[in-house]
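Residue-level listing of the chains:
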Amino acid sequence: MKIIISNSSNEPIYQQIVRQLKEGILKGHLTAGSALPSIRGLAKELHISVITTKRAYEELEKEGFIETAPGRGSFVAVQNRELLRKKGLAIVEEKLAEAVLTAKSLDISCEELSKLLHQLYKEA
Amino acid sequence: MLNLIIKDILVQKKTLLFALGYCFFLVFAFQTMEGVTPVAATTAVVYLLIQYSFAYEDKNKSDIMLNSLPVSRKEIVLAKYLSIFVYLGLAVLAYMVATLLVSAIKIPIRVEFLSLQGITISLLLVSLMSSIYLPIIFRIGYLRAKMFNMVLFLLFFFIPMGVVSLLKNPEYSTAIDDIIRKLSSWSDWQIASMLAAIALILLSFSYSISLSIYKNREF
Amino acid sequence: MKNILEVKKLRKSFKNFTLNDISFTLPRGYIMGFIGPNGAGKSTTIKLIMNLLKKEGGQINIFGKDHIKHEKEIKNRIGFVYDENHFYEELTLHEMKYIIAPFYKSWSDKLFDKYMKIFKLPANKRIKELSKGMKMKYSLTIALSHDPELLIMDEPTSGLDPIVRSELLDILSDLIQDENKSVFFSTHITSDLDKVADYVTFIHDGSIILSAAKDDILDNYGIVKGGTDLLNEYTQKAFIGIRKNNFGFEGLVDDRDKARNLFKDNIVIDKPSLEDIMLYTVRGNQYAQSNH
């Protein structure tokens, strides 16, 4: 698992962690039931505040991505594929919406945008 | 508590050696002065050790450290008072070593050995001296108390001489004679314990003053 | 008991300085950085906590207990490091340990040896022969060898090079891997805190300016940059401190969203560092004066 923190980014650090862990889970790098580093251990490794990692884990727990058992640590939650897919779709939708907004502000047409999307999909 | 006293001795390892040398010196220097050498040597050594112990605290600002440790201010003050006796013990030891060595190697000078009487008088002098200046050091710190202590120390050298000459004055001699007569009916042990008791009373009175001063000190 | 250290309305006055009824709390399991310029009252606060100075008012609770009533018990569970060395310089590191160890009920020679090894400290050297950085490491070794629950440090990083400072910060992170332990340390080098601190308390001129989770502070505060034409008597009030130059202004706000609503897209908002927050707050008034 890889987590990269940028201090100069405008995205709060806890959100950077949430995003990267989510990606890891959705892409299957982190499988259900596998153990995550402890809140304090992760804070130490990343040189960040315990509060930050705690907040990130709380967020992930709220969204059902991970489970925390007191005294045992945190684990990737067991979820059905359907649910994971839905969550994944929600993320894609969010990012596409962002792209659409940017496109609109630059007067890029829907056609142009879909063309770009197809091209990107092929290349990826 | 005990480690506070041990600490003062550990810090002063060098001073202890110096004290031994000092005793040698006094044995030679004071050989003509009858009855003075043992008392002068032990008193001076104790004075030195007390002064240096405070000097080291002052130099390292160790009050800040000591008072951050789990130790009460009462223990810190009490340790300084108890260490007076330890220093006296060390001084007696140093003097005995010096005199024994001098007589063993048969240097042709008159050596005066320590007697019980000498130790008791030293105890009384040391207690009197400490009772006055320990509260002063606790109040204003070692550096500022230093000048005052020097004066005090010199006075302790001269007062006895003054007293002796005073005693020779016939006006006082009858009263003194009375006391001496009374005292001479006592045994040595009785006199020694009386003097020791006086020393203890003085010290405990001084201790309570020092404690109330030190308890309110800020660092 | 959630809070390991509670300071309530603490008051102390000197001839030229007053600590103004300051309050803050440090929960168990976290690191709190105590920042402020020199002379702001950091050392005074720490000395009051350690009862080296006598407080004039207020309450200090450590481990939930009054810090004077239970002084000895509390100090048995505290480790302290001060900016200057207060050990007996003429002793060796080993001798000094020999003196300190018996004071603590839970002293562990094993822990002591462990840190001596980590820091590569020479046991038989005299304290006065150590460099500034080594003295600090030795103080820390002594402070940690009785496995304290609360570590209190006054400017431990001042005068140290960045490498030693980063070593120190690693040790602090290590320490709070145990969630019952906390660290409270003062510094005027705020970059030390940008990383490890969980909470930040900022003192200025004897008063607490803010005391909160570092993340909250850094997420809410912002450096706003824009053209001076945006500034008027009304908009200027949104700033804690502001600095103008020939090409525009830079100012600190404590609510980024509010600033965004006020100036819309005419401004750039940057994430502040703790140093920015400290500088603008301390010099905010001066900047304001130079504007009139």
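See the structure shown above.
Residues numbered from 1 in each chain as written. Chains lettered and ligands numbered in written order. Predicted model: local features only at pLDDT ≥ 70, side-chain atom pairs only at ≥ 80, totals over all residues. Heavy atoms only, no water.

Points about the layout of surface pockets
Residues and elements named next belong to chain A.
No. 1: Considering only enclosed or pocket space, the second largest pocket measures out at about 930 Å³ in volume.
No. 2: Around the second largest pocket sit 31 residues that line it, and Lys22, Leu26, Lys87, Gly88 and Ile91 are the ones nearest its centre.
No. 3: Every element with two or more residues in the lining of the second largest pocket is listed here: helix H1 (13-26) and helix H4 (81-105).
No. 4: Per-element accounting of the lining of the second largest pocket gives the leading share, twelve residues, to H4.
No. 5: Looking at which domains feed residues into the lining of the second largest pocket, each of domain 1 (13-76) and domain 2 (81-123) supplies at least three. (1 Å grid on protein atoms, 1.4 Å probe; cavity = no way out; pocket = protein on both sides within 12 Å on 5 of 7 lines; lining within 4 Å. Points joined across faces, edges and corners; volume = space filled by probe spheres on them. Helix = DSSP H or I, 4+ residues; strand = E, 2+ residues; numbered from the N terminus. Domains from an automatic or database assignment.)

Topic: the pattern of salt bridges
No. 1: Within the structure shown, the criterion is met by 30 salt bridges over all chains.
No. 2: Between Glu57 of chain B and Lys80 of chain B there is a salt bridge whose closest N-O contact spans 2.8 Å. Residue Glu57 of chain B is located in helix H3 (residues 37-60), and its partner Lys80 of chain B is located in helix H5 (residues 73-104); the two are separated by 23 residues in the primary sequence.
No. 3: When its relative accessible area of 5% is taken as the criterion, Glu57 of chain B is described as buried.
No. 4: According to the relative accessible area criterion, Lys80 of chain B is buried, its value standing at 7%.
No. 5: Taking the shortest distance from any N to any O, the salt bridge between Lys72 of chain C and Glu75 of chain B comes out at 3.0 Å. Linking Lys72 of chain C in helix H2 (residues 71-76) with Glu75 of chain B in helix H5, this pair reaches from one chain into another.
No. 6: Of the residues examined, Lys72 of chain C reaches a relative accessible area of 40% and is grouped as partly exposed. (Salt bridge = Lys/Arg side-chain N within 4 Å of Asp/Glu carboxyl O. Buried < 20%, exposed > 50% of the residue type's maximum accessible area, 1.4 Å probe, protein only.)

What to know about the packing of aromatic side chains
No. 1: Applying the stated rule across the entire model yields 19 aromatic pairs over all chains.
No. 2: Between Phe34 of chain C and Phe184 of chain C the ring centres are 5.1 Å apart and the planes differ by 35°, which places this aromatic pair in the tilted class. Here Phe184 of chain C lies in strand S8 (residues 182-187) and Phe34 of chain C lies in strand S3 (residues 31-35), a separation of 150 residues in the sequence.
No. 3: Residue Phe34 of chain C is classed as buried on the basis of its relative accessible area, which comes to 0%.
No. 4: Centroid distance Phe87 of chain C to Tyr138 of chain C: 5.5 Å. Interplanar angle 75°. Geometry classified as edge-to-face. Taken together, the positions of Phe87 of chain C in the loop between strand S6 (78-81) and helix H3 (93-100) and Tyr138 of chain C in helix H5 (residues 132-144) put the pair 51 residues apart, joining distant regions of the chain. Neither residue differs from the other here; Phe87 of chain C and Tyr138 of chain C are each classed as buried.
No. 5: A network of ring pairs unites the aromatic residues Phe54, Phe138, Tyr214 and Phe219 of chain B as a single cluster.
No. 6: For the cation-ring pair, Arg40 of chain A lies above Tyr30 of chain C, with the distance from its terminal atom to the ring centre recorded as 5.4 Å.
No. 7: Above the ring of Tyr115 of chain C, the side-chain terminus of Lys114 of chain C is found at 4.9 Å from the ring centroid. (Phe/Tyr/Trp six-rings, centres within 6.5 Å; stacked < 30°, edge-to-face > 60°. Lys NZ or Arg CZ within 6 Å of the ring centre and 35° of its normal.)

Interpretation in functional terms is not warranted from these geometric data alone.
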